[in-house]
Amino acid sequence: MSDLRTQLGEAVAAAFAAEGVDASLARVTPSDRPDLADFQSNGALAAAKALKANPRELAGKIAERLAGDPRLSSVEVAGPGFINLKVADAALCDRAVEVASDAAHAGAAVVETPRKVVIDFAGPNVAKPMHVGHLRSSIIGESLKRLFRFRGDTVWGDAHFGDWGFQMGLLIVAVGDEGKAGAFLAEGDGPFPAGAPITLEDLERLYPQAAGQAKEDPAFRDRARKATAELQGGRPGYRALWQHFVAVSRTALEREFGALGVTFDLWNGESDADPVMAEMIAHLETTGLLVEDDGARVVHVAKPGETRKKKLADGSVIEAPSPPPLLVISSEGSAMYGTTDLATILDRRKAIDPDLILYVVDERQAEHFEQVFRAAYLADYAAEGSLQHLGFGTMNGTDGKPFKTRAGGVLKLHDLITQATEKARERLREAKLGDDLAEAEFEDTAHKVAIAALKFADLSNARTTSYVFDLDRFMSFEGKTGPYLLYQAVRIKSLLRKAGEQGLAPGTIVIGEPAERDLVLTLDAFSQAVTEAYDKRIPHLISEHAYRLAQSFSKFYAACPVLIAPDAATKASRLALSKAALDQLEIALDLLGIATPERM
């Protein structure tokens, strides 16, 4: 099932080819002047320049070849050689029926060759509460997971916990110093207590305390480093204590992710790559990739002669390898962040053998991933280009800096969701929405409005850009916001309920009014939005389409009465268009991870 833009693009390309012109120039786009045409092609200008021909004459020849196409009501040449295309009402009707009858995809095309895709996102750390810094990765990653699955790929979303680094050694020492884990610190194979010796509150208190102490106390830092190495080396008591850290943390993480509507197929951590670590180290040694470097062991990932300018602390500038080597084993013998990332790639190849792995991680980690990816390609753990870092900008406060609380601290994600839900309740009551709902349904609606506000605010911005967090603006039921889109969906649901109560049902679609044409053209554009969002890994194109669709339906609803249409056939047609709009809007919102309530 192809959208109209794709179909017409193929027709124009054939016409270009028939005139001996490069068909790749026959690009069709939505018209800049929708009052004159639905689509346009400007390729004749570039083609004529290459052929040293008159662009308007060339455009005229192409227009003649398109004139008999039954999908077009008119083909006109404008200006120096623009080709304007207006779609016939019958073709619009056919396309509207296709969209309306496609319950699963609402007219969007799927991939021809599905792939196995792993999406690594969220990246929470054991013992640390999730905060607003995790929000973008979680929201963007969840949307991409849904988008890739929607297009037909087999997708695994992986939370990829930070559970194996220096912070674990810090906690082991800190818990031991408080006398909470004596049995776990003993030498030997156990047995060790089955009950957790600590709570989540203990971990949240102890980690920042221990991190601060490590900066001030070299002896404490050395003990933590030794504990990290012994944990990774398999010391039974440390492993048993660490398992309690993980279990206690995961309970809280599942609560926060559940509230956001974020799910994972894999709840793996850095530690899950440990079983392949020895194999990987041996392989890197055998291939000569792992080399000594000032007491540590690294993989040089820069190409021969590849350098960049590096500014030193004294202000001088030197030529340095670009990028720097990947640190695999520290001088203390511990595996590093990059080590576990590299081992995870090998582990995923063994377990899943994915065609593509996407890492949805802050843009500031770009160099780290370049190092890891290059090492993976050198070691032949992944095919060139199959590893992609999808960086993103920051969520900022009104001061333009990463968002903080009024007290200057980092806002916990749980507190942010609570604040958003309280604001949603307030806005619903101000707008007199949900007054007739039972308490449980009102609370469910308020939560959906809150999550829609947070997610749409994020996903309506390009992934690579930063944005200013403004909860009051995000929570408005007017303008380009999540709550506005939910309100439009609920309004269509109400319309369809009233129609059902009157014994009316959707029927054969007939296009006549300009607002009907506009709505069908908008429905048709969903496929292009989905394809481009998928190809470019930018979910905000789905957000843009959802907003355009809501606006298009609003104009249609105002210009084309539905329940009081002049005759039964028109009512049935407009009800069918309304249902098609609702179905596609809900699918688009679902791709963004946004659920719609039934009523407000």
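Here the structure is shown first, and the text comes after it.
Reference entry: report on the structure contained in this document. (Residues numbered from 1 in each chain as written. Predicted model: local features only at pLDDT ≥ 70, side-chain atom pairs only at ≥ 80, totals over all residues. Heavy atoms only, no water.)

1. Digging into the overall build of the protein chain
- From N to C terminus, the protein chain includes 21 helices and 15 strands.
- Of the contacts made within the protein chain by residues no fewer than 6 positions apart, 74% connect residues no fewer than 24 positions apart.
- Surface summary for the protein chain: the accessible area is close to 26300 Å², and the carbon and sulfur share equals 51%.
- Distance between charge centres in the protein chain, computed from 68 positive and 85 negative side chains, equals 3 Å. (Helix = DSSP H or I, 4+ residues; strand = E, 2+ residues; numbered from the N terminus. Contact = heavy atoms within 4.5 Å. Areas by Shrake-Rupley, 256 points an atom, 1.4 Å probe, with all protein chains shown as cover. Lys, Arg positive; Asp, Glu negative; His and termini not counted. Charge placed at Lys NZ, Arg CZ, Asp CG, Glu CD.)

2. What to know about the environment of Gln 167
- Looking at the element boundaries, Gln 167 is found in helix H6 (residues 166-177).
- When the C-alpha positions of Gln 167 and Lys 309 are compared, they lie 32 Å apart, and in sequence the two are 142 residues distant.
- If we ignore the near neighbours within four places in the chain, the residues touching Gln 167 are Asn 125, Gly 162 and Tyr 207.

3. Observations concerning the packing of helix H9 (residues 218-233) against helix H10 (residues 236-260)
- Between H9 and H10, the least distance of the axes is 8 Å, while the angle of their chain directions is 95 degrees. Between H9 and H10, the crossing angle belongs to the class labelled roughly perpendicular. Taking contact as the criterion, the partners of Ala 227, Glu 230, Leu 231, Gln 232 and Gly 233 in H9 are, on H10, Tyr 238, Arg 239 and Trp 242.
- Looking at the contact of H9 with H10 residue by residue, the class counts come to four nonpolar, two polar and two charged. (Axes fitted to C-alpha atoms, helices over the stretch in contact; angles between N-to-C directions. Parallel < 35°, antiparallel > 145°, perpendicular 65-115°, else oblique. Nonpolar A, V, L, I, M, F, W, Y, C, P; charged D, E, K, R; others polar.)

4. Comments concerning helix H20 (residues 540-559)
- For H20, with 20 residues, the first-to-last C-alpha span of 29 Å sits near the 28 Å given by 1.5 Å per residue.
- Taken together, the buried residues of H20 touch helix H15 (439-459), helix H17 (482-501), helix H18 (514-524), helix H19 (526-536) and helix H21 (568-591). (Expected span 1.5 Å × (residues − 1).)

5. Thoughts on the environment of Met 395
- Along the chain, Met 395 falls in strand S14 (residues 395-396).
- Overall, the relative accessible area of 6% leaves Met 395 in the buried class.
- For the pair formed by Met 395 and Ala 440, sequence separation is 45 residues and the distance between their alpha carbons is 32 Å.
- Those residues in contact with Met 395 that lie beyond four places of it in its chain are Val 132, Leu 135, Arg 136, Pro 402, Phe 403, Tyr 467 and Phe 469. (Buried < 20%, exposed > 50% of the residue type's maximum accessible area, 1.4 Å probe, protein only.)

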